[in-house]
Amino acid sequence: MRAERALLREGHLLVAGVDEVGRGALAGPVSVGVAVVDAATRTAPAGLRDSKLLAPEAREALAPRLRRWAPAHAVGHASAGEVDALGIVRALRLAGRRALEQLGVVPDVVLLDGSHDWLSTPVPRGGARTDPWLVRTQVKADLRCAAVAAASVLAKTERDALLRDLGARDERYGWSGNKGYSAPDHLAALRRHGPCVHHRRSWRLPGCQPAPAVAAALAELPLQAPAGRDRPPASGRMDGDLPVAVPAPSARKGP
């Protein structure tokens, strides 16, 4: 937690690690995890790594320990339909906003994996920042920062569970195993059956053409997400019947 503690020493009270999973998948949501630490947060649980470096069984065993470790945590999702309508970067921002809104606290600064700030609200050149938090990007933060690695594991385990549930309801695409990525069995199923509502139809799917309605929607994209899209619907559902993540209990609100 060297990076997190350095930010806390600068005077920030709450530091959030943020990471995404599912950006390169052909089906299912893009998911963003967030894990918050403060000055009282202890050293991260043993075995914590970037989710990509952990076996599925290790991730599943680690996730409940991370939820107890972080004072606040959440996962947000943007559905395949929202990826089609908004584009991947704006869909990532939407999923990240959904995660941050669930926390019950507002972090002072966000540590974001990578070199590109996809989370902040775009502002005109010379304009003032409108978000309540600062964003600090760091390449390989998922390897170097415990809060970011925790966010990665929480997002990965929750998204995997969603894809297993979708795979149990529709076994044609093998999502329980491939999690919506471009594995050979998934590509073969796409050529055989074509895409379904959970596929990102604006993408170049094998043997498929983008749906005309999707192509038209992409041509008419606004510069920013439509008003109200950054907040989960009151129904608690997203496009394609995927659930919005249930808010994680914050340690600041009691047990």
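Everything that follows concerns the structure shown earlier in this document.
Calculation notes
Residues numbered from 1 in each chain as written. Predicted model: local features only at pLDDT ≥ 70, side-chain atom pairs only at ≥ 80, totals over all residues. Heavy atoms only, no water. Axes fitted to C-alpha atoms, helices over the stretch in contact; angles between N-to-C directions. Helix = DSSP H or I, 4+ residues; strand = E, 2+ residues; numbered from the N terminus. Parallel < 35°, antiparallel > 145°, perpendicular 65-115°, else oblique. Left-handed = near helix turned anticlockwise from the far one by under 90°. Contact = heavy atoms within 4.5 Å. Nonpolar A, V, L, I, M, F, W, Y, C, P; charged D, E, K, R; others polar. Pairing = 2+ DSSP bridges.

**Notes on the packing of helix H2 (residues 56-69) against helix H6 (residues 146-169)**
Taken N-terminus to C-terminus, the directions of H2 and H6 make an angle of 125 degrees; their axes are 9 Å apart at the nearest point. By the angle class used here, H2 and H6 are oblique. Where H2 crosses over H6, the handedness of that crossing is left-handed. Contacts from Arg 59, Glu 60, Ala 63, Leu 66, Arg 67 and Trp 69 of H2 reach H6 at Ala 146, Ala 147, Ala 150, Val 153, Leu 154, Lys 156, Thr 157, Asp 160 and Arg 164. Of the residues that constitute the contact of H2 with H6, the class distribution is eight nonpolar, one polar and six charged.

**Considerations on the sheet that holds strand E4 (residues 109-113)**
Where strands meet in a sheet, backbone hydrogen bonds hold them as pairs that are either parallel or antiparallel. Pairing within the open sheet is mixed, and its five strands lie in the order E3-E2-E1-E4-E5. Here the strands that pair on one side only, and so sit at the sheet edges, are strand E3 (72-78) and strand E5 (134-138). Each neighbouring strand pair of the sheet contributes to a mean axis angle of 25 degrees, computed without reference to strand direction. Note that strand E1 (residues 15-21) and E4 share four bridges and pair parallel. Counted as the bridge partner of Val 18 is Leu 112 from E4. Against the sheet, H6 contacts E1, strand E2 (30-37), E3 and E4, and its axis sits at roughly 40 degrees relative to E1.

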